[in-house]
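Residues per chain are reported as follows:
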Amino acid sequence: MTRKFAVAIDGPSGAGKSTVAKAAAGRLGLLYVDTGAMYRAIGLAVLRRGLSEDDTAGIESVLPELSVTLRHGAEGQRVLLNGEDVSEQIRTGTVAQYASKCSAAPAVRSFLLETQRALAREHGVIMDGRDIGTVILPDAEVKIFLTASVEARAQRRYRELTERGEAVALEGVRADIERRDRQDTTRAIAPLRQAEDAVLLDTSSLGLTQAVEAVLAIISEKTGVQA
Ligand code: DC
């Protein structure tokens, strides 16, 4: 019987956090929690209301009307915005940019904090985001900072978007990644940074299988639990 524990995976956009975390969670029987999806749901709500991504007061005023919940089932994690499954609608570049801007608002961060902590109290989790090891789960048994070069991240995101049929140019994807890196690392509250006790894993030259194995090796070293 494996003991319940928490794995925090943080890192910049496009480092492969969600793909790697999902696969590792499946291997270990842990719940995979993608916290970025929650920020994206708020970004989508703000976009739908026609607000500017820079309208912090407007963004904060919308929060009382929103409920953002995660549902975990056979089909993986689904994100619900006021009960509507928006898991697909949140995967666009525009929503990502809105999510990044909304996530700098202190009220947005505190709005989501307790839901995220509650999930880790109730389940063994692999939770990915930007501030999981530093703010949300500072006592997580395993902390990993998963990163990759801007070039590698841009290539991966470009492939992902074109496979989904989005008409994008590599240069534009790279510029979006650089802009989000800047926003996510320089905001005043819970900026993206490596926790002091996190293990750094650079996936620039790793394939998916190798990255998953590397994550499983770190988890095994820290907890003694083998996949
Ligand atoms: O991981 P992602 O690309 O789906 O996240 C979308 C945005 O949400 C990202 O640019 C920053 C924000 N975010 C955050 O601030 N904190 C988290 N724990 C997860 C995401």
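Note that the structure is a prediction, hence the values are computed from the model and not measured. (Residues numbered from 1 in each chain as written. Predicted model: local features only at pLDDT ≥ 70, side-chain atom pairs only at ≥ 80, totals over all residues. Heavy atoms only, no water.)

Chemist: Which parts of the structure should I look at to understand the overall build of the protein?
Modeler: Tallying secondary structure elements over the protein gives nine helices and eight strands in all. For 227 residues, the compact-globule estimate of 2.2 N^0.38 gives 17 Å, and the protein sits close to it at 17 Å. Dimensions along the principal axes, computed over C-alpha positions, put the protein at roughly 50 × 40 × 35 Å. In the protein, buried positions account for 50% of the 227 residues. Within the protein, contacts between residues separated by at least 24 positions form 73% of all contacts whose residues are at least 6 apart in sequence. Accessible surface, the protein as shown: approximately 10,500 Å² in total, 51% of it carbon and sulfur. A gap of 1 Å separates the mean positions of the 29 positive and 31 negative side-chain charges of the protein. (Helix = DSSP H or I, 4+ residues; strand = E, 2+ residues; numbered from the N terminus. Rg over C-alpha atoms; globule rule 2.2 N^0.38 Å. Buried < 20%, exposed > 50% of the residue type's maximum accessible area, 1.4 Å probe, protein only. Contact = heavy atoms within 4.5 Å. Areas by Shrake-Rupley, 256 points an atom, 1.4 Å probe, with all protein chains shown as cover. Lys, Arg positive; Asp, Glu negative; His and termini not counted. Charge placed at Lys NZ, Arg CZ, Asp CG, Glu CD.)

Chemist: Whenever I open this one, the site of the ligand confuses me. Can you help?
Modeler: Looking at the ligand, there are 15 residues lining it, with Arg-40, Arg-109, Arg-180, Asp-184 and Arg-187 nearest. Arg-109 places a polar side-chain atom, nitrogen or oxygen, 2.8 Å from an oxygen atom of the ligand. At a separation of 2.8 Å, an oxygen atom of the ligand approaches a polar side-chain atom of Arg-180. Of all the elements in the fold, those that place two or more residues in the shell around the ligand are helix H2 (36-48), helix H4 (93-102) and helix H8 (170-186). If you tally residues by element for the shell around the ligand, the top one is H2, at three residues. Across the shell around the ligand, the residue classes tally to three nonpolar, five polar and seven charged. (Near = heavy atom within 4 Å. Polar contact = N/O pair within 3.5 Å; in protein donor to acceptor, adjacent residues only side chain to side chain. Nonpolar A, V, L, I, M, F, W, Y, C, P; charged D, E, K, R; others polar.)

Chemist: What exactly am I supposed to notice about the environment of Glu-178 here?
Modeler: Along the chain, the position of Glu-178 falls in helix H8. Since its relative accessible area comes to 34%, Glu-178 is described here as partly exposed. Put simply, Glu-178 and Ala-8 are 170 residues apart on the chain and 23 Å apart in space, counted from C-alpha to C-alpha.

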